[in-house]
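Understanding the architecture of this molecule
Read off the chains here:
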Amino acid sequence: MAEGATYDPAAARHLVRYGMGLSPHVIVKARGATLWDQHGREILDFTSGQMCATIGHNHPRIVAAIQKACEGALHLYSGFIGPAVPALAGRLASMLPPSLSKSLFLSTGGEANEAAVRMARLATGRYEIVGLNGGWHGVTGGIASLTFAGRHHVDYGPRKPGTMSIPAPNCYRCPVRHCRDACDTTCLDVGFDMVDAQSSGSLAAFIAEPVLSSGGVIVPPGGYFPKLKEKCRERGMLLILDEAQTAFGRMGANFAFEQADVVPDILTVSKTLGGGVAIGAAITSEAIEQDCHDKGFVHVTSHVSDPLPAEVALAVLDVLEEEDLARRAAEMGRRLRQGLETLKARHEVIGDVRGHGLLQGVELVKDRETREPDAERGRAITDACMERGLSMNIVSVGGMAAVWRIAPPLNVSEAELDRGLEILDDAIRSVG
Ligand SMILES: Cc1ncc(COP(=O)(O)O)c(C=O)c1O
């Protein structure tokens, strides 16, 4: 525990509450996959912070990158760029297909998506954007209209005109009550029928996560994204893929779109690029960038092209490569998956296990046949995990499902992974 750390519970009275209960554990130190609270208690972090710390908390390379930025420049007038910013853009271009070679660096995932949507609107000269039910793309003004997970849109007035959603391809809970466990993408056809019926002839883009994380770790079936891209092409729409959580190794590949067999017109990345430091990027083709520029694209923010996060992102990409983290995530993902399948065989409450690499979802049900969600038991087990030193995240999707989203840092050790699974097993048993 950090020396001299104290906790005054009353201090929190000056905080605006933002919709998540605050844990009584005050975290004073974080390293790798471990957190320490104010009492020196160790907590195993199976959420990589807010899904960002994929290379582990306070990785020495991130600390060194921050120090390097401190010796250089932390922040500049938006018209100045330090050396790290073009270096990062070049580095990303070298990792991506040639059609994704132009990057804009911002501060958050929501900002990156705002920029992507603005580019899509400007480039196509249209305004309608379609998303997936259960998709999460941010909570700032424009993009909140395209976040269809949670209740961010309720009580804040109308969504932006021209924003729509189609059902997500949830194999476990078919949204159009058509199939069970094996999605044949009928939901995509039905969805686009609805879009065509509602569109005012101004379809600009489709935005999607390759795996819907906040929506309950929904993994679209093979062939879904090529078919989606074809539907976009037929209508002159661009495809935006939001890889806030899935890029840079977590899925067992550098990018999830590689596994989805599709290349987007615009790619957004954020959480996993900064490894815990705020950065977001919208990445597109030379043609779209040129077109937007010619049409007067403006997207100036206080922290656009800031040197500090770019320096950190370069370090994250170095570590990703040097520690071969995509391969490791695939390997450790198999171990995690196997452990979760064993728990499923042991505990009736686990209805489904799904995911890729080190992003696994575990769906909790009262009855495996009816698949009635068991959010209450899910919350009780999550609390029991925390009492035993394991931090887990449960997503309750509009009262429709209760899903643990398990995503430890990619360099989690085998021993840590096994300990987490043991704690989970014990916590499920304890709640009964
Ligand atoms: C897939 C996805 N996109 C975008 C966002 C928004 O990112 P931020 O909270 O950094 O604005 C999130 C946040 O959880 C996310 O999961």
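Residues numbered from 1 in each chain as written. Predicted model: local features only at pLDDT ≥ 70, side-chain atom pairs only at ≥ 80, totals over all residues. Heavy atoms only, no water.

With respect to the overall build of the protein chain
Convention followed: Put simply, DSSP marks the helices as runs of H or I at least four residues long and the strands as runs of E at least two long, and each gets a number from the N terminus on. Our radius of gyration looks at C-alpha atoms and nothing else; its globule reference is 2.2 Å times the residue count to the power 0.38. Exposure is judged per residue with a 1.4 Å probe applied to protein chains only, and the accessible area is read against the type maximum: over 50% gives exposed, under 20% gives buried, and values in between give partly exposed. Only heavy atoms enter the contact rule, under which two residues are in contact if any of them lie within 4.5 Å. Residue exposure ignores everything except the shown protein chains as possible cover, and the areas themselves are Shrake-Rupley values with a 1.4 Å probe. Positive: Lys, Arg. Negative: Asp, Glu. His and the chain ends are not part of the count. Where a charge lies is defined by one atom per residue type, namely NZ (Lys), CZ (Arg), CG (Asp) and CD (Glu).
For the protein chain, the helix and strand inventory stands at 14 helices and 15 strands. Scaling as 2.2 N^0.38, a compact globule of 432 residues should have a C-alpha radius of gyration of about 22 Å, and the protein chain matches this with 21 Å. By its C-alpha atoms, the protein chain is 60 × 60 × 45 Å across when sized along the principal axes. When each of the 432 residues of the protein chain is scored for burial, the buried share is 53%. Pairs at least 24 apart in sequence give 72% of the contacts found in the protein chain among residues at least 6 apart. Surface accessibility of the protein chain: about 18700 Å² in total, with carbon and sulfur atoms responsible for 52%. When the 43 basic and 52 acidic side-chain charges of the protein chain are each reduced to a single mean position, those positions are 3 Å apart.

Topic: the sheet that holds strand β1 (residues 27-31)
Basically, it comes down to this: Pairing between strands is defined by DSSP: at least two bridges between the two strands are required.
In spatial order, the strands read β1-β2-β3-β13; together these four strands make up an open sheet with mixed pairing. Only two strands of the sheet have a single partner each, and these edge strands are β1 and β13 (390-391). When strand β3 (residues 42-45) meets β13, the two strands line up parallel, connected through two bridges. Counted as the bridge partner of Asp45 is Ser391 from β13.

A short note on helix α12 (residues 325-346)
This is how the line gets drawn: By this rule the span expected of a helix is its residue count minus one, scaled by 1.5 Å. This arc is built from the directions going out from the helix axis to the C-beta atoms.
The terminal C-alpha atoms of α12, which comprises 22 residues, lie 31 Å apart, in line with the 32 Å expected from a rise of 1.5 Å per residue. Turning to α12, its buried residues number three or more, namely Leu325, Ala326, Ala329, Met332, Gly333, Leu336, Gly339, Leu340 and Leu343. Looking straight down α12, one finds its buried side chains confined to an arc of 135°; they lie on one side. The exposed residues of α12 that point more than 90 degrees off its buried face are Arg334, Gln338 and Ala345. Packed against the buried residues of α12 are α11 (307-322), β11 (350-356), β12 (359-364), β15 (402-406) and α14 (414-431).

So, α11
The end-to-end C-alpha separation of α11 is 23 Å, in line with the 22 Å expected for 16 residues at 1.5 Å each. Counting buried residues in α11 gives 12 out of 16 residues, a clear majority hidden from the surface. Of all the positions in α11, only Pro307, Pro309, Ala310, Glu311, Val312, Ala313, Leu314, Ala315, Val316, Leu317, Val319 and Leu320 are classed as buried. Tucked into the core, α11 has its buried residues touching α2 (60-71), α3 (84-95), α9 (271-274) and α12. Directly after α11, the chain includes Asp324, whose backbone phi takes a positive value near 50°.

Let's talk about the pattern of salt bridges
Formally: For this document, the term salt bridge refers to a Lys or Arg side-chain nitrogen within 4 Å of an Asp or Glu carboxyl oxygen.
Scanning all chains against the criterion turns up 29 salt bridges. Its salt-bridge partner being Glu230, residue Arg233 comes within 2.7 Å of it at the nearest N-O pair. Taken together, the positions of Arg233 and Glu230, both in helix α7 (residues 224-235) and three residues apart, correspond to about one turn of that helix. A relative accessible area of 55% means that Arg233 is categorised as exposed. Its salt-bridge partner being Asp324, residue Arg327 comes within 2.7 Å of it at the nearest N-O pair. Note on Arg327: relative accessible area 45%, which makes it partly exposed. When its relative accessible area of 35% is taken as the criterion, Asp324 is described as partly exposed. Several salt bridges share partner residues, and in doing so they unite Arg61, Arg91, Asp318, Glu321 and Glu322 into one network.

Regarding the side chain of Thr163
Where we set the bar: Between N or O atoms, a polar contact is any pair within 3.5 Å; within protein, one atom must be a potential hydrogen donor and the other a potential acceptor, and residues adjacent in sequence are included only when both atoms are from side chains.
With respect to the helices, strands and loops of the structure, Thr163 is situated in strand β6 (residues 163-166). Looking at Thr163, its side chain comes within polar contact range of the main-chain oxygen of Lys160, at 2.7 Å. Beyond its immediate stretch of four places on either side in the chain, Thr163 contacts Arg121, Ile129, Ser145 and Leu146.

Details of the domain arrangement of the protein chain
Quick note on the threshold: Segmentation of the chain into domains, including their bounds, is taken from an automatic or database domain assignment. Buried area: the accessible area, evaluated with a 1.4 Å probe, that two parts lose upon being put together, summed over both parts.
Taken domain by domain, the protein chain consists of domain 1 (9-55 + 324-431) and domain 2 (62-322). Computed from C-alpha atoms alone, the centre-to-centre distance between domain 1 and domain 2 is 25 Å. Facing the 37 residues of domain 1 at the interface are 31 residues of domain 2. For the pair domain 1 and domain 2, the summed buried area comes to about 2800 Å², and 56% of that belongs to carbon and sulfur atoms. Inspection of the domain 1/domain 2 interface yields three salt bridges. Taking the shortest distance from any N to any O, the salt bridge between Arg173 and Glu363 comes out at 2.6 Å.

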